[in-house]
Amino acid sequence: MEPVKVRIEGLEVHYASKRALHGVHLEVNTNEVLALIGPSGCGKSTLLRALNRMNEVLPGVKQRGSITLEGDRIDQMDVVELRRRVGMVFQRSNPFAKSIFENVAFGLRIAGLTSTSELAGRVEQSLVQAALWDEVKDRLGDSALALSGGQQQRLCIARALAVQPEVVLMDEPASALDPIATARIEELIHELKTRYTIVIVTHNMQQAARVSDRTAFLYMGELVEVGRTETIFTNPSMKRTEDYVTGKFG
């Protein structure tokens, strides 16, 4: 059993008067892919964003409970350092209007890396890890906006990996992509978990079944059940989980 990377205890999140999460206890193990599933509005993305304190930027959010990263409370960390350690890939690819190279180098420059050769090495390494290097190595100076949707999403993954995070959060990373690009992202997730801990929100049950080691099912802001993905999909212990994974509601 891998050691616990992230521990969530008694997490409650309210948006003004609306309760988004209630009393969530959950552990994420090192080098695993944990999928968060559940119907729209059940709190999946809220839970994901809590892991790198992105809910804080929204007005009227109140949060209770504790989240630790390798034993350190994230609410006591410098938020820039936290987001270096816990990277994020969003639902829609959001490359900057800069060159492919500068997109990946962006976080490294913010972190103070100035050596041209070191930057080049880290950019190449990140693009290789994101399975994009062979497609873009001859046009690193071109605008990132000229890439296809699937390439843009892999570029955003490379950008997240460049600062060498420990945890990568993915919020529906393939929902806007065609099946071929989706398959590339899923292959990539399999490769990345040897180096990173990954938490992925997905609406797509088949995707959760394909890419994750464990799955957590949320419903109306509560964590109903968490377990090995195979068990959650074939032999869940809760009736609500079974009803959801068999398509009785969604």
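It should be noted that the structure appears before, not after, this text.
What comes next is a walk through the structure. (Residues numbered from 1 in each chain as written. Predicted model: local features only at pLDDT ≥ 70, side-chain atom pairs only at ≥ 80, totals over all residues. Heavy atoms only, no water.)

1. Some words on the overall build of the protein chain
So, point 1. Tallying secondary structure elements over the protein chain gives ten helices and ten strands in all.
So, point 2. Taken over the C-alpha trace, the protein chain has a radius of gyration of 18 Å; the compact-globule value for 250 residues is 18 Å, and the two agree within 12%.
So, point 3. Structurally, the protein chain occupies a C-alpha span of about 55 × 40 × 35 Å along its principal axes.
So, point 4. Looking at the protein chain residue by residue over its 250 residues, the buried ones come to 50%.
So, point 5. Considering only contacts in the protein chain between residues 6 or more positions apart, those separated by 24 or more positions represent 67%.
So, point 6. By element, 50% of the accessible surface of the protein chain is carried by carbon and sulfur atoms, the whole surface being about 11600 Å².
So, point 7. Each charge class in the protein chain was averaged separately, 30 positive and 31 negative side chains, and the resulting centres sit 4 Å apart. (Helix = DSSP H or I, 4+ residues; strand = E, 2+ residues; numbered from the N terminus. Rg over C-alpha atoms; globule rule 2.2 N^0.38 Å. Buried < 20%, exposed > 50% of the residue type's maximum accessible area, 1.4 Å probe, protein only. Contact = heavy atoms within 4.5 Å. Areas by Shrake-Rupley, 256 points an atom, 1.4 Å probe, with all protein chains shown as cover. Lys, Arg positive; Asp, Glu negative; His and termini not counted. Charge placed at Lys NZ, Arg CZ, Asp CG, Glu CD.)

2. Remarks on the side chain of T182
So, point 1. With respect to the secondary-structure elements, T182 resides in helix α7 (residues 179-192).
So, point 2. You can call T182 buried: its relative accessible area is 12%.
So, point 3. Residue contacts for T182: discarding those within four places in its chain leaves A174, L177 and Q207.

3. So, helix α6 (residues 149-162)
So, point 1. The first and last C-alpha atoms of α6 sit 20 Å apart over 14 residues, in line with the 20 Å expected at 1.5 Å per residue.
So, point 2. Within α6, 13 of the 14 residues are buried, which leaves it mostly tucked inside the rest of the structure.
So, point 3. Phi for Q164, located one or two positions after α6, is positive at around 55°. (Expected span 1.5 Å × (residues − 1).)

4. Points about the sheet that holds strand β10 (residues 222-228)
Strands belonging to one sheet form pairs held by backbone hydrogen bonds; the direction of such a pair is parallel or antiparallel.
So, point 1. The strand order across the open sheet formed by six strands is β6-β7-β8-β3-β9-β10, and the pairing between neighbours is mixed. Edge positions in the sheet fall to β6 (86-89) and β10, since each has one partner strand and no second. On average, each strand axis in the sheet is tilted by 20° relative to the strand beside it, whichever way the strands run.
So, point 2. When β6 meets strand β7 (residues 167-171), the two strands line up parallel, connected through four bridges. Residue M88 lies in a different strand from β7, and its bridge partner there is L169.
So, point 3. Lying over the sheet, α7 contacts β3 (33-37), β7 and β8 (197-201), oriented at roughly 150° with respect to β8. (Pairing = 2+ DSSP bridges. Axes fitted to C-alpha atoms, helices over the stretch in contact; angles between N-to-C directions.)

5. So, the packing of α6 against α7
Geometry of a packed helix pair, given as the angle between the helix axes and the separation of the axes.
So, point 1. Close contact between α6 and α7 brings their axes to 9 Å; oriented N to C, the two are set at 20°. Considering their axes alone, α6 and α7 lie roughly parallel with respect to each other. In this structure, α6 crosses over α7, and the sense of that crossing is right-handed. Only A181, R184, I185, L188 and L192 of α7 make contact with α6, whose side of the interface consists of G150, Q153, R154, I157 and L161.
So, point 2. Of the residues assigned to the contact of α6 with α7, the class counts are six nonpolar, two polar and two charged. (Parallel < 35°, antiparallel > 145°, perpendicular 65-115°, else oblique. Left-handed = near helix turned anticlockwise from the far one by under 90°. Nonpolar A, V, L, I, M, F, W, Y, C, P; charged D, E, K, R; others polar.)

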